[in-house]
Structure formats: structure tokens, C-alpha cells
Amino acid sequence: MEKFIWKEEYSVGIKEIDEQHKHFFEIANGTLDLTTKENLTKEETIKGLQELGDYAFYHLSTEEGYFDKFKYQDAPLHINAHNKYREAVNEYFARIDDENTDIKKLAEEMASYSGNWLLAHIVVVDKRYTKFFNEHGLN
Ligand SMILES: [Fe+2]
């Protein structure tokens with residue numbers, strides 16, 4: 001499975017956010033690694049998925065906190081994009097409880113979906129706030 005690697009071209013020009021994006025990718029990679037483990041238990045897999053989901057949601061709220069603080073005009077559209085991701089994660093979690101679910105496959109799917117989503121989101125949506133955030137002293 002291909003890994004997610006943060007590159008300089010993904011920088012949004014804000015150190016804290018770049019660090020969070022890097023960490024988000026790392027956790028997604030960690031979850032992918034987990035799925036290659038032999039004798040992986042359901043509990044371990046769920047723990048990995050929870051870690052990924054928790055960090056992803058924490059990251060989205062960090063950005064949204066700045067939207068609030070600086071009264072970012074494009075916040076509604078941006079939050080909409082975040083909410084679509086949140087919904088997708090909630091759907092993955094709902095599938096955990098279904099006993100017919102292949103949990104390893106689910107973890108693979110959610111991790112690769114998350115990494116790919118973040119990648120596209122950074123370059124298309126996040127990069128739009130760089131100038132505005134920088135003007136508000138966030139670098
Ligand atoms: Fe974002």
C-alpha cells in the first residue's frame with residue numbers, strides 16, 4: 001500500500017497547520033501498517049481507527065477555531081468540506097459494529113480514504129486561507 005508523504009508543495013504557510021497535516025499523514029500510514037500485521041486483533045484495529053479519527057477531527061477543529069477567531073469569510077464552504085469528511089468517518093465507524101464487516105479491510109479503506117482526502121483538501125481548499133491567516137499574524 002502506498003504511503004502518504006508530506007511535501008513542501010503541500011505547505012499552507014502556517015507552521016502549526018503544516019505540522020498537523022504531517023502528523024495526520026503519519027497516523028494514516030500507521031493505520032495502513034497496522035493492517036499488514038499478522039494476528040491483528042479486532043481491538044487493536046479499532047484502537048488504530050479511533051486514533052486516526054480522533055486526530056483527524058482534532059485537526060479540523062483547529063482550523064475551524066481560527067476561522068472563528070479571524071472571522072474567515074469562506075468558513076461555511078470550508079466547514080462543509082470538513083463535514084463531508086466527518087460524515088465519511090462516521091460511516092466507517094458505524095460499519096465496525098456490523099459483524100459481517102472485514103475489519104482489516106475497513107481499516108485499510110478508512111486510512112487510505114483519509115490520506116487521500118487530506119491531500120486533495122490541502123491543495124484545493126486549505127491553501128485558500130494562507131494569505132488571510134498570514135495577514136492575521138498566523139505564520
Ligand atoms: Fe481544512
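The rules we used
- Residues numbered from 1 in each chain as written.
- Predicted model: local features only at pLDDT ≥ 70, side-chain atom pairs only at ≥ 80, totals over all residues.
- Helix = DSSP H or I, 4+ residues; strand = E, 2+ residues; numbered from the N terminus.
- Rg over C-alpha atoms; globule rule 2.2 N^0.38 Å.
- Buried ≥ 20, exposed ≤ 12 C-beta atoms within 10 Å, placed from the backbone.
- Contact = placed C-beta atoms within 7 Å.
- Axes fitted to C-alpha atoms, helices over the stretch in contact; angles between N-to-C directions.
- Parallel < 35°, antiparallel > 145°, perpendicular 65-115°, else oblique.
- Left-handed = near helix turned anticlockwise from the far one by under 90°.
- Expected span 1.5 Å × (residues − 1).
- Arc of directions from axis to C-beta.
- Core = buried A, V, L, I, M, F, W, Y, C linked by C-beta atoms within 7 Å.

A. Inspection of the overall build of the protein at higher detail. Helices and strands together make up the secondary structure of the protein, namely five helices and zero strands. In terms of overall dimensions, the protein is globule-like: its C-alpha atoms have a radius of gyration of 16 Å, near the 14 Å expected for 139 residues. Considering only C-alpha atoms, the protein reaches an extent of 50 × 25 × 20 Å along its principal axes. Looking at the protein residue by residue over its 139 residues, the buried ones come to 23%. Sequence separation of at least 24 residues holds for 76% of the intrachain contacts in the protein that already meet a minimum separation of 6.

B. Seen up close, the packing of helix 1 (residues 15-34) against helix 4 (residues 103-124). Where helix 1 meets helix 4, the closest approach of the two axes is 8 Å, and the angle between their N-to-C directions is 160 degrees. By the angle class used here, helix 1 and helix 4 are roughly antiparallel. In terms of crossing hand, the pair formed by helix 1 and helix 4 is left-handed. Of the residues in helix 4, those touching helix 1 at His 21, Phe 24, Phe 25, Ala 28, Thr 31, Leu 32 and Leu 34 are Ala 107, Glu 108, Ala 111, Ser 112, Ser 114, Gly 115, Leu 118 and Ile 122.

C. A look at helix 4. Its 22 residues place the ends of helix 4 31 Å apart at the C-alpha level, agreeing with the 32 Å of an ideal helix rising 1.5 Å per residue. When helix 4 is considered as a whole, its buried residues turn out to be Ala 107, Met 110, Ala 111, Ser 114, Gly 115, Leu 118 and Ile 122. Seen end-on, helix 4 carries its buried residues on one side only, within an arc spanning 125 degrees. Among the exposed residues of helix 4, those oriented more than 90 degrees off its buried face are Lys 105, Ala 120, Val 123 and Val 124. On its buried face, helix 4 is in contact with helix 1, helix 2 (42-70) and helix 3 (75-96).

D. Expanded view of unusual backbone geometry. Phi angles above zero are rare outside glycine, and Asn 39 is one such case at about 55 degrees. Along the chain, Asn 39 falls in the loop between helix 1 and helix 2. Judged by C-beta crowding, with 5 C-beta atoms within 10 Å, Asn 39 ranks as exposed. Despite not being glycine, Lys 71 shows a phi value in the positive range, around 50 degrees.

E. Quick look at the environment of Trp 6. Residue position: Trp 6 is located in the segment before helix 1. Separated by 20 residues in the primary sequence, Trp 6 and Glu 26 place their C-alpha atoms 9.1 Å from one another. For Trp 6, the contacting residues outside a window of four places in its chain are His 21, Lys 22 and Phe 25.

F. How the structure looks around the nonpolar core. In terms of nonpolar packing, the biggest core is built from 19 residues, with Phe 24, Phe 25, Ala 28, Leu 52, Ala 107, Met 110 and Ala 111 touching the most fellow members. Elements represented by at least two residues in this core include exactly helix 1, helix 2 and helix 4. The element that contributes the greatest number of residues to this core is helix 1, accounting for seven residues. Residues within four places of Met 110 in sequence aside, it is in contact with Leu 49, Leu 52 and Tyr 92.

G. Here's a closer look at the packing of helix 2 against helix 3. Where helix 2 meets helix 3, the closest approach of the two axes is 11 Å, and the angle between their N-to-C directions is 165 degrees. Looking at the two axes, helix 2 sits roughly antiparallel to helix 3. Between helix 2 and helix 3 lies a crossing whose hand is left-handed. The residues of helix 3 that touch helix 2, namely those facing Ile 46, Gly 53, Ala 56, Phe 57, Leu 60, Glu 64 and Phe 67, are Ala 75, His 78, Ile 79, His 82, Arg 86, Val 89, Phe 93 and Ile 96.

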